[in-house]
Amino acid sequence: MNRSVLVDDTLRSAVGLDPGGIDREATGSAGLLASRFAVLELAAVAVGAVEDAADRLRIALGYEPMHTALGLERIAAAYQSDRLLRIDGAAVDAFAPLSGFFAAADGWVRTHANYPHHRRRLSAMLGIGDEATRAELASAIVSRSALDLESEAAGVGALLVAVRSAAEWSSTPQASVGDGPLVRRHGGSAGSRIASWVRPTRRQPLRGLRVLDLTRVIAGPVSTRTLALLGADVLRVDPPQVPEIPWQHTDSGQGKRTAILDASTPRGLATLQTLSDEADILVTGYRPHALERLGLRRRDGLVTGSVDAWGTTGPWGDRRGFDSLVQAATGIALVEGEDGAPGALPAQALDHSAGYLLAAAIVDDVARVVGGGDAGRSSVSLARVGAALQRLPRTEDRQPPDLPGARCLVTHGVVVTARPALSAFDDHASPAAVLGSAEPQWTPRS
């Protein structure tokens, strides 16, 4: 059984995007990204936004648009890449033992403890050992109030949220993050050097531009991976104190160079400042204002994109967050659950969608600069993407889930991973490099 998705201005407007792209129709298995929510439609809109933006940039640069068709199976594979990834023939587990849903005294909570520092904070908060089992964590949670646990976790930087219904989320002050445009643009500044440095081709309209990638996990890396696919020179910089989970970078680091840099030292901060000053595009995924607190200055004319979990204002504006936590807090998990227990979307769809939407906004900003406009700052919030998903029509008759087939995969040595979501590209320019394998410096411009 097949299912057709039409990405047009009606669907774009439904999720809070401005109209202006071309109509793109695609067909695929009805079980792709199967959910009670319109996850496949959201995914098609997000990837289609990149295709539309790339075509607008091509036109601004004097090229013909490509009008590439959407491939639903390829899109679904990109969204479920963590499930398809194989390293030495072995699958990866996307969530650590202390990450997941746990029963509280008055409902449910969801935790996130994939990173060692998050696991340590959660364990310390609950008074259990750092090597505690899932059963020990469950025992420490079951007699406590979900909201009390959530508040305490926020105070110590642990990652735990109460599972809410959509109505319960809408009564919180933070729910206003879902209002307004899906992608937000914040002013602009003159002085961009993009028009001087871009060396485009029709296929890669970002060729010649430098992207400083200060992102982690999924949404930000998906965004910068997409910019690399469109020709940009992407340099990802990570701190040594909290290294990325290796398989996660393998899954989303294609086409980039990667360096380790300790910006908490004067020398490291000076190097990071130089990298930023010499970049054309800056993409950040840290909490709001984290880079300013570090001391990094953003020069005028720098195209900037950022992704956050809960928005940048309100009582949750400075809280840590992940896709799974946003699903739980905003009502998605209860709809996806069964028999009173919460469940999850078939992919980290808020993360992936935010990544493609941010990439599209950055490409549009480059086109704006090429046309003589100012460089702007764009931002996407996972909670805002979640609100957009919840506005789309739902179904109660969920199809059995289908994983994309082998034609959506590519092999490099011991790694098998998903092909790009953009169907014009059979593969990324290069597999993910080893984390920290490059020097924190730009390659000379051609």
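For every chain, the first residue of the written sequence is number 1, and numbering continues from 1 onward in sequence order. Two thresholds apply to this predicted model, a pLDDT of at least 70 for residue-level local features and 80 or more for giving and counting side-chain atom pairs, whereas whole-chain, interface and lining totals are computed over all residues. To get the side-chain values, all heavy atoms of the structure are used, and hydrogens and water are removed first.

Explain the sheet that holds strand 4 (residues 100-104) here, please?
The pairing of strands in a sheet happens through backbone hydrogen bonds and is either parallel or antiparallel. Sheet architecture is open: three strands sit in the order 4-5-6, paired in antiparallel fashion. Looking along the sheet, the strands with just one partner apiece sit at the ends: strand 4 and strand 6 (160-162). Each strand axis lies, on average, 30 degrees off the axis of its neighbour in the sheet, ignoring direction. When DSSP finds two or more bridges between two strands, those strands count as paired. Only DSSP runs of H or I with at least four residues qualify as helices, and only runs of E with at least two residues qualify as strands; both kinds are numbered from the N terminus onward. As paired strands, strand 5 (residues 107-111) and strand 6 are joined by three bridges and run antiparallel to one another. What sits directly across from T111, in strand 6, is L160. Along the sheet, helix 6 (residues 134-141) contacts strand 4, strand 5 and strand 6; its crossing angle with strand 4, the most-contacted strand, is approximately 40 degrees. Residue contacts are defined here by distance: any two heavy atoms, one from each residue, within 4.5 Å place the two residues in contact. Structural elements are reduced to axes, namely lines fitted to C-alpha atoms, with helices fitted over the stretch in contact, and the angle between N-to-C directions of any two is expressed from 0 to 180 degrees. Where helix 7 (residues 146-156) meets the sheet, its contacts fall on strand 4, strand 5 and strand 6, and the angle it forms with strand 6 comes to roughly 145 degrees.

Would you take a moment to explain the packing of aromatic side chains for this structure?
For any pair of aromatic rings, the description rests on two quantities: the centre-to-centre distance and the angle between the ring planes. The aromatic pairing rule takes the rings of Phe, Tyr and Trp, using the six-membered ring of Trp, and pairs them if the centres are within 6.5 Å, calling planes under 30 degrees apart stacked, those over 60 edge-to-face and the rest tilted. In the structure shown here, the tally under the stated rule is five aromatic pairs. Ring plane angle 15 degrees and centroid distance 6.0 Å describe the contact between Y79 and Y356, whose orientation is recorded as stacked. One end of the pair, Y79, is in helix 3 (residues 72-79); the other, Y356, is in helix 16 (residues 349-370), with 277 residues separating them in the sequence. The class for Y79 is buried, based on a relative accessible area of 0%. Relative to W316, the ring of W310 lies with its centre 4.7 Å away and its plane at 80 degrees, an arrangement referred to as edge-to-face. The class of W310 is buried, set by a relative accessible area of 1%. Only protein chains enter the calculation, and the probe is 1.4 Å; a residue is then buried if its accessible area is under 20% of its type maximum, exposed if over 50%, and partly exposed in between. Exposure remark for W316: the relative accessible area of 7% places this residue in the buried category. Feature note: the residues W169, W310 and W316 constitute an aromatic cluster, connected by ring pairs. A positively charged side chain is recorded as over a ring if its NZ (Lys) or CZ (Arg) lies within 6 Å of the ring centre. The angle to the ring normal must also be within 35 degrees. We note R110 situated over the ring of F95; from NZ or CZ to the ring centre the distance is 5.0 Å. Cation over ring: R203 sits above F425, and NZ or CZ is 4.3 Å from the ring centre.

Would you mind showing me how to read unusual backbone geometry here?
Trans is the common state for peptide bonds, and a negative phi is the common state for residues other than glycine. Positive phi values are uncommon outside glycine, yet V217 reaches one of about 70 degrees. Tracing the chain through its elements places V217 in the loop between strand 8 (210-214) and helix 10 (219-229). Judged by relative accessible area, V217 falls into the buried class, the value being 16%. For D339, which is not a glycine, the phi torsion comes out positive at approximately 55 degrees. Positionally, D339 belongs in the loop between helix 15 (332-336) and helix 16.

Looking at this structure, I do not really get the pattern of salt bridges. What am I missing?
Salt bridges are counted wherever a side-chain nitrogen of Lys or Arg sits within 4 Å of a carboxyl oxygen of Asp or Glu. In this structure the tally under the stated criterion is 23 salt bridges. The partner of R56 in a salt bridge is D364, with the nearest N and O atoms 2.9 Å apart. Here the residue R56 occupies a position in helix 2 (residues 39-60), and D364 occupies one in helix 16, the gap between them amounting to 308 residues. Across the pair E150 and R164 runs a salt bridge whose closest N-O atoms are separated by 2.7 Å. Remark: R164 occurs in the loop between strand 6 and helix 8 (166-170) and E150 occurs in helix 7; sequence separation between them is 14 residues.

Would you mind going over the sheet that holds strand 15 (residues 415-418) with me for this structure?
Reading across from one edge, 3-15-14 is the order of the three strands in this open sheet, with antiparallel pairing throughout. Both outer strands of the open sheet, strand 3 (86-87) and strand 14 (409-412), are each paired with one neighbouring strand and no more.

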